[in-house]
Amino acid sequence: MSGSERAGSLAALAVGLFGVVHSLRMPVWSGTEPAEGFFPLLTSAVLTGLAAASLFTTTRADAPATVASWRRVGAYAFALIVYAALFLYAGHAVATLVVFVPLFRFVERLSWVRSLSIAAGTAVVTYVLFDRLLGVSMPRGPW
Amino acid sequence: VVEANLFLGFSIALTPANVFYCLVGAVVGTAIGVLPGLGPAATLSLLLPITFRMDPVASVIMLAGIYYGSLYGGSITSILVNIPGEAASVVTCLDGYQMARRGRAGAALGIAAFGSFIAGTVATLGISLVGPSLARVALGFGPPEFTGLVVLGLVLVTRLGQGPIVRSLMMAALGLLLSTVGLDPILGTERFTFGSVSLGDGLEIAVMAMGLFGLAEVLTMAGAPAEQASLAAQPRRIRDLLPDRADWQRSAAPIARGTVLGFALGLLPGGGGIIASFASYVVEKRLARDPSRFGQGAIEGVAGPESANNAGGQAAFVPLLTLGLPANVVMAILMGALMIHGVTPGPMLMTQRPDVFWAVVASMYVGNVMLVVLNVPLISVFVAMLRVPYAILAPLIVLFCVVGAYSLNGNPADVVALVVFGLAGWAMRRGALDAAPLLLAFVLGGIFERSLRQSLLIGLGSPLIFVTRPIAATLLVLAVLLLLAPVARALRAPRA
């Protein structure tokens, strides 16, 4: 079992144990019927047992694909987190321009003109589609 | 009698106005299915007010068109970019996207369209002929039977993935645990919400699917730039895009099986396309001569589930129209639309308003023809999307996922959950943990908990209720046998 596979099992074990502890704080059984903690306790106990068992299983022969560029994975993960935060607090238009222009320009190496036009065009299209046509009120930010 | 009734239905469904509303429904539904996030339930709720002034038959024809249009549309993004447009298309991601990565996006889209058409048409025929009587049989399914069915479903879910069964079961258990986030389904008390009002409604399946499949794929591909070109290498001529003779030979039986399975599961209250699609996938994988092809781009993994998905979606109309029981949220909204117009779905509908019942059934035939006529020529357009350089496509997928998650309920918590599931999905891939069993167990979790607790309530806390009910007992025995089959095989195998 590779290190990352073991880490996956350990993470599931941690979630299972957390679920057991948290479920036990709720009523599990009341008279002749199960209460709100019954099903979470049942599932988290099963999860804990299976996660522990999985630590001792032999897993797939093919190892997870190697990451050729951690820098790009990091850049995309960072862009995702920043975009989600800015989308909610600075508004859809600002977030789209602030996050995607640098992503296109510096990570994907597009020209400034293409980066700006694609980001601005997408901001307009998504606004028209979701806000105007589908009636979803997009976040506008403090301005 | 059925012929006369169908003639009545077609005479209403084929009026120019109703054909127009059916077309609008099919087009809007397909578009909604393609967009991540906004699903058929939200769209029907948004469009319900505009049907107030419409004829009741026309309004239901349009709303039904949106529903089954979305069932097909949902598969398009599953195949092209690994983002299920709606929950019933999760399974299509497994092999549909792998087919796209092998330059076979057109064949996958084609078989999804034709399979959906065949299944939808056969299911509609089934509704006309045997639907009402079968719906009464489905009424015999009480909480213990549902518990048995869900347990069997969960065991089948673990056959979806490629890895060891223990790890698949572990992911299914995690999915069940995640389904308990939010309000208790019986008592209404908060669980795992940590004081957050936003978590009260629980986690959104669409958000989880976008994160675990779509964003995880973008992050994986970001780390492997050399693999990005595989998606762009698609044939250009429409003849080369459509399924060939070998594809049809492989797909014929899965389409037939998926249709029957989807129709049967769609009749059950709480059924519909989601359970039908993954049950079909598992059946096809079990029956395949070489199950290792599944997950690597097997066309049977698209043909079966897509057919089951559509057959199940259309069979879900049976309990609504004949018994007044909505099988899922979409059916509940359609029921509301009918009631607004003074039409009460139920056993009396066929006798009191045969025009409504048979016009809706006939419009499904019309809608299925429209969907295939509309979508097959568009396959080349959809495939052309993959020729957009991944350097542009990947950031746009991130953007559409975030906007799509927000569009569900306008809830910031959905956006936060999307980011968490996106990053978790990538980490799970690194840790050889399969997201499919998690997601499908999550879908089943709500039904499982409700039916399990109701069963124990009926049995005064005793689990013996599952033994005394024959259908429930049979389903549970089947589940145990399926679970123990690999152990028995391992014990029988000669030791090296």
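Reading the values: rules and limits
- Residues numbered from 1 in each chain as written.
- Chains lettered and ligands numbered in written order.
- Predicted model: local features only at pLDDT ≥ 70, side-chain atom pairs only at ≥ 80, totals over all residues.
- Heavy atoms only, no water.
- Helix = DSSP H or I, 4+ residues; strand = E, 2+ residues; numbered from the N terminus.
- Rg over C-alpha atoms; globule rule 2.2 N^0.38 Å.
- Buried < 20%, exposed > 50% of the residue type's maximum accessible area, 1.4 Å probe, protein only.
- Contact = heavy atoms within 4.5 Å.
- Areas by Shrake-Rupley, 256 points an atom, 1.4 Å probe, with all protein chains shown as cover.
- Polar contact = N/O pair within 3.5 Å; in protein donor to acceptor, adjacent residues only side chain to side chain.
- Expected span 1.5 Å × (residues − 1).

Novice: Where do I start with the overall build of chain B in this structure?
Specialist: Looking only at helices and strands, chain B has 24 helices and two strands in total. Rg of the C-alpha trace for chain B: 22 Å, near the compact-globule value of 23 Å for 496 residues, within the 12% margin. Taken along its principal axes, the extent of the C-alpha atoms in chain B is 65 × 60 × 50 Å. Counting over 496 residues, chain B shows a buried share of 61%. Look at the contacts in chain B between residues 6 or more apart in sequence, and 78% of them connect residues 24 or more apart. When the accessible area of chain B is evaluated, it comes to approximately 17500 Å², of which 70% is carbon and sulfur surface.

Novice: Hey, could you run me through the overall build of chain A in this one?
Specialist: Broken down by element type, chain A carries five helices and two strands. For chain A, the succession of helices and strands along the chain, N to C, is α-β-β-α-α-α-α. Each principal axis of the C-alpha distribution contributes one length, and for chain A these read about 65 × 45 × 25 Å. Evaluated residue by residue, chain A yields a buried proportion of 46% over its 143 residues.

Novice: Just to check I follow, could you spell out the side chain of B:E284 for this structure?
Specialist: All names here are of chain B. Tracing the backbone shows E284 in helix α14 (residues 273–287). Side chain to side chain, E284 and R257 meet in a polar contact 2.8 Å long. Ignoring any residue separated from it by four or fewer positions in sequence, one finds E284 in contact with P254, R257, F294 and E300.

Novice: Where do I start with helix α1 (residues 3–24) of chain A in this structure?
Specialist: The end-to-end C-alpha distance of α1(A), which contains 22 residues, comes to 32 Å, matching closely the 32 Å that a straight helix rising 1.5 Å per residue would cover. For α1(A), the complete set of buried residues consists of A:E5, A:G8, A:S9, A:A12, A:L13, A:G16, A:G19, A:H22 and A:S23.

Novice: Sorry, what's going on with the environment of A:S4 here?
Specialist: Here A:S4 shows up in helix α1. Distance in space between the C-alpha atoms of A:S4 and A:V128 is 43 Å, their sequence separation being 124 residues. Among the polar contacts made by the side chain of A:S4, one reaches the main-chain carbonyl oxygen of B:R430 at a distance of 2.8 Å.

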